[in-house]
Amino acid sequence: MDLTGKVVIVTGAAHGIGAAEAEGCLARGACVLMGDILDDEGTTFAAQMNERYGPGRVIYRHIDVRDPQSWQDAVAEAEATFGRLTGLINNAGAPGRPGIEDTSEAQWDLTIDTDLKGSWLGMKACIPAIRRAGGGAIVNTSSTYGMVASGRAAAYHSAKGGIIMLTKAAAVEYARQGIRVNCIHPGITETARSATLNTDWLASLLANTPMRRIAKAEEIAAGAVFLLSDAASYITGASLVIDGGFTAI
């Protein structure tokens, strides 16, 4: 899974899965533009990564994935700093835990605009640059909740389900242009967000996970790094489920 010579934008990269994905790319030789709205955390983490992997390998910038101009600025900075752009990991997301009746319009819009629209805007902005670089790969982040329902989290299920078809549509559209597009489906993962889950809900998730444990962020990141790499050169339009067996039951 060598990424030497590749340049990747990773969103939601200040902590959690996104941070693990950014470091996973760096560890395998890529240069990375980390994006997030948590600027203090993101700047600090980028400085740590530059110290660990060598100066000039990673930069941080504010990216609001709901804002087209924010994406255009990020792509321009990646190309100006590293000379090209070959990959994108759309990781940024917003929770949407209430059910149908308890979800406000504002909550619905935040989740759909961040998770689904944000992934579309990211591809829309990055694909021309990836094409200029001669091709590359995109990894979108769905969820096990894009595949199965829970009886709650209506907006989140809807956004993550939409990402699956958005990924397939893009994969077919750009297959002949040397741009692969895949998505990952993380299960319950050890992050700051999972730490806020209701304990009974968390216990239920673990009880229905055959491996009976929470994933580490690095385990999810490994799947994204694989799909970016040339080891996955004949994989596009695919869904990689990383859930400890949760959706196998």
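This text gives an overview of the structure that appears in the document.

### Structural notes on the packing of helix H1 (residues 16-27) against helix H2 (residues 39-53)
- Taken N-terminus to C-terminus, the directions of H1 and H2 make an angle of 20 degrees; their axes are 11 Å apart at the nearest point. Between H1 and H2, the crossing angle belongs to the class labelled roughly parallel. Judged by the sense of rotation from one axis to the other, the crossing of H1 with H2 is right-handed. On the side of H1, the interface is formed by Ala 19, Glu 23, Leu 26 and Ala 27, while H2 contributes Phe 45, Met 49, Arg 52 and Tyr 53.

### Some details on the nonpolar core
- One finds Cys 25, Val 32, Met 34, Ile 89 and Leu 228 to be the most contacted residues of the largest nonpolar core, which totals 32 residues.
- Breaking this core down by element, the ones donating at least two residues are strand E1 (7-11), H1, strand E2 (31-36), H2, strand E3 (58-62), strand E5 (136-141) and helix H7 (217-228).
- Element by element, the count of residues in this core is highest for H7, at 7 residues.
- Among all residues touching Leu 228, those that are not within four sequence positions of it are Leu 3, Lys 6, Val 8, Cys 25, Gly 87, Leu 88, Ile 89, Ala 137, Val 139 and Arg 180.

### Digging into the pairing of E5
- Burial within E5 is extensive, with 5 of its 6 residues counted as buried.
- Relative to E5, strand E4 (residues 87-90) is paired through 4 bridges, and the arrangement is parallel. Bridge pairing in E5 places Gly 87 opposite Ala 137.
- Crossover E4 to E5 through helix H4 (residues 105-132) is right-handed.
- Note that E5 and strand E6 (residues 179-186) share 6 bridges and pair parallel.

Calculation rules
- Residues numbered from 1 in each chain as written.
- Predicted model: local features only at pLDDT ≥ 70, side-chain atom pairs only at ≥ 80, totals over all residues.
- Heavy atoms only, no water.
- Axes fitted to C-alpha atoms, helices over the stretch in contact; angles between N-to-C directions.
- Helix = DSSP H or I, 4+ residues; strand = E, 2+ residues; numbered from the N terminus.
- Parallel < 35°, antiparallel > 145°, perpendicular 65-115°, else oblique.
- Left-handed = near helix turned anticlockwise from the far one by under 90°.
- Contact = heavy atoms within 4.5 Å.
- Core = buried A, V, L, I, M, F, W, Y, C linked by side-chain atoms within 4.5 Å.
- Buried < 20%, exposed > 50% of the residue type's maximum accessible area, 1.4 Å probe, protein only.
- Pairing = 2+ DSSP bridges.
- Right-handed = clockwise from strand over helix to strand, strands pointing away.

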